[in-house]
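Spelled out, the chains give:
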Amino acid sequence: MVVKEHPILGTCENEEYVNITVDGEPLQVRAGSMIAPALLEQGIRVNRYTRKEHKPRGIFCGIGQCTDCVMIVNGQPNVRTCITRVEEGMVIETQNKVEKEEA
Ligand code: FES
């Protein structure tokens, strides 16, 4: 899902990665990327759930305007992940995640 060759921007040569944790799982993601697209590259499409109906939300605007992509980053809620860069050691959690009850 990453554009590595672009007709105008050229070839992506960034092969540096940082280590982050997402909902307790360690991941390596591309350094310099914003959080939301870095997670999308890893197949993570849900960033938060709505409070009342617990409906999943992910990237919508991608420019920091809609707040659909907010997550808990290093303990701080409501971080717009589409405009926040990944950093080494970041701890990221899905916001308003409801754990499924065991049957
Ligand atoms: S996707 Fe809209 S603020 Fe991030």
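Refer to the structure printed above.
Just so you know, these numbers come straight off a predicted model, no measurement behind them.

## A few points about the overall build of the protein chain
- If you tally the helices and strands in the protein chain, you get one helix and nine strands.
- Its helices and strands taken in sequence order, the protein chain reads β-β-β-β-α-β-β-β-β-β from the N to the C terminus.
- Its C-alpha atoms put the protein chain at 50 × 25 × 25 Å along the principal axes.
- Relative to its full complement of 103 residues, the protein chain shows a buried share of 30%.
- Put simply, of all contacts in the protein chain between residues at least 6 apart along the chain, 39% involve residues at least 24 apart.
- Of the roughly 7200 Å² of accessible surface on the protein chain, a fraction of 48% belongs to carbon and sulfur atoms.
- Here the protein chain contributes 12 positively and 15 negatively charged side chains, and the mean placements of these two sets differ by 10 Å.

## As for the pairing of strand β4 (residues 25-30)
- Bridging between strand β3 (residues 17-22) and β4 involves six bridges; their strand directions are antiparallel. Residue T21 lies in a different strand from β4, and its bridge partner there is P26.

## Some remarks on the pattern of salt bridges
- Here the structure, examined in full by the defined rule, presents five salt bridges.
- Close ionic contact of E41 with R30 constitutes a salt bridge, the shortest N to O distance being 3.1 Å. In this pair, E41 sits in helix α1 (residues 35-41) while R30 sits in strand β4, placing the two residues 11 residues apart along the sequence.
- On the accessibility criterion, E41 (30% relative accessible area) is partly exposed.
- On the basis of relative accessible area, R30 is assigned to the buried category, the value being 7%.

## Some thoughts on the sheet that holds β4
- The strand order across the open sheet formed by five strands is β4-β3-β9-β7-β8, and the pairing between neighbours is mixed. Whereas interior strands pair on both sides, the edge strands pair on one side only; in this sheet they are β4 and β8 (76-80). Each adjacent strand pair in this sheet contributes to an overall mean axis angle of 40 degrees, direction not counted.
- Bridge count between β3 and strand β9 (residues 91-93): two bridges; the pairing is parallel. Across the sheet, residue V22 finds its bridge partner in β9, namely I92.

Rules of the game
- Residues numbered from 1 in each chain as written.
- Predicted model: local features only at pLDDT ≥ 70, side-chain atom pairs only at ≥ 80, totals over all residues.
- Heavy atoms only, no water.
- Helix = DSSP H or I, 4+ residues; strand = E, 2+ residues; numbered from the N terminus.
- Buried < 20%, exposed > 50% of the residue type's maximum accessible area, 1.4 Å probe, protein only.
- Contact = heavy atoms within 4.5 Å.
- Areas by Shrake-Rupley, 256 points an atom, 1.4 Å probe, with all protein chains shown as cover.
- Lys, Arg positive; Asp, Glu negative; His and termini not counted.
- Charge placed at Lys NZ, Arg CZ, Asp CG, Glu CD.
- Pairing = 2+ DSSP bridges.
- Salt bridge = Lys/Arg side-chain N within 4 Å of Asp/Glu carboxyl O.
- Axes fitted to C-alpha atoms, helices over the stretch in contact; angles between N-to-C directions.

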